[in-house]
Amino acid sequence: MADVELSPTDWVQNQTKTILETGTTDGVLVTGRPIVLLTVRGAKSGKLRYTPVMRVEHDGSYAVVASKGGAPEHPTWYFNIKAHPEIRLQDGTETKDYVAREVDGDERAEWWERAVAAFPNYAEYQQNTDRLIPLFVLDPK
């Protein structure tokens, strides 16, 4: 794989290093909840970037929630996925390629429910911001 950059945020960088060193996302948790590791291409730089996110899986597809903790703006990786929707996702020791699509309407509502069940903080994050938190569904390539 091409050159991949780690997040400049310490705790995200530490999670990523743990996954890379152990070869698995198993045991890497946020508030006791499992995560998966995305590899996305930067919208401007074109460089590959690691992004750990909460694990929200259903029937072989995954949801990715661009919450940024309820901040008023989208996380940087949101724009990376919009620009380059082909993503590599690692869940446990298994890594596969996916294609991301931003969802809305009933499909978003269904996946939002799954996301909040997987990570209840998402409901609070949505209350803390005026923006509708974007949600991507990643389908196997």
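Everything quoted here is computed from the prediction, not taken from an experiment.

A. Up close: the overall build of the protein chain. Along the protein chain, the regular secondary structure elements total four helices and nine strands. When the helices and strands of the protein chain are placed in sequence order, the string is β-α-β-β-β-β-β-α-β-β-α-α-β. Principal axes of the C-alpha set define a box for the protein chain whose edges measure 35 × 35 × 30 Å. The buried share of the protein chain, reckoned over its 141 residues, is 45%. Split by element, the accessible area of the protein chain, about 7600 Å² in all, is 47% carbon and sulfur. Computed over 16 positive and 21 negative side-chain charges, the separation of the two mean positions in the protein chain equals 5 Å.

B. Molecular detail of the packing of aromatic side chains. Under the criterion given, the structure shown has seven aromatic pairs. Taken together, a centroid distance of 5.4 Å and an interplanar angle of 45° make the contact between Tyr 78 and Phe 136 tilted. With Tyr 78 in helix α2 (residues 76-83) and Phe 136 in strand β9 (residues 135-140), this pair connects stretches of sequence that are 58 residues apart. In this pair, the class of Tyr 78 matches that of Phe 136, namely buried. Between Trp 112 and Tyr 122 the ring centres are 6.1 Å apart and the planes differ by 40°, which places this aromatic pair in the tilted class.

C. Representation of the pattern of salt bridges. Considering all chains together, one arrives at 11 salt bridges under this definition. Taking the shortest distance from any N to any O, the salt bridge between Lys 68 and Glu 73 comes out at 2.7 Å. Under the relative-accessibility criterion, Glu 73 is labelled partly exposed at 37%. Between Glu 110 and Arg 114 there is a salt bridge, with its nearest N and O atoms 2.8 Å apart. Within this pair, Glu 110 and its partner Arg 114 are both found in helix α3 (residues 105-118), separated by four residues, close to a single helical turn.

D. Structural view of the side chain of Gln 90. One can find Gln 90 in strand β7 (residues 86-91). Not counting the four nearest positions on each side in its chain, Gln 90 is found in contact with Ile 19, Gly 23, Thr 24, Thr 25, Val 36, Leu 37 and Thr 95.

Parameters and conventions
- One numbering rule holds for all chains: residues counted from 1, following each sequence as written.
- Side-chain atom pairs in this predicted model are given and counted only at pLDDT of 80 or more, local residue features only at pLDDT of at least 70, and totals for whole chains, interfaces and linings cover all residues.
- Values shown for side chains rest on all heavy atoms present in the structure; no hydrogens or waters enter the calculation.
- Labels follow the DSSP assignment, with helices taken as runs of H or I lasting at least four residues and strands as runs of E lasting at least two, numbered in each case from the N terminus.
- With a 1.4 Å probe rolled over the protein chains alone, any residue whose accessible area is under 20% of its type maximum counts as buried; one over 50% counts as exposed, and the rest are partly exposed.
- For accessible areas, the Shrake-Rupley method is used with a probe of radius 1.4 Å. Any residue's cover is judged against the shown protein chains and nothing else.
- His is not counted, nor are the chain ends, whereas Lys and Arg count as positive and Asp and Glu as negative.
- Here the site of a charge means NZ on Lys, CZ on Arg, CG on Asp, or CD on Glu.
- Only rings of Phe, Tyr and Trp enter the pairing, Trp through its six-membered ring, and a pair is recorded when the two centres are within 6.5 Å. The plane angle decides the type: under 30 degrees is stacked, over 60 is edge-to-face, the rest tilted.
- Any carboxyl oxygen of Asp or Glu that lies within 4 Å of a side-chain nitrogen of Lys or Arg is treated as forming a salt bridge with it.
- Contacts are assigned to residue pairs that have any heavy atoms within 4.5 Å of one another.

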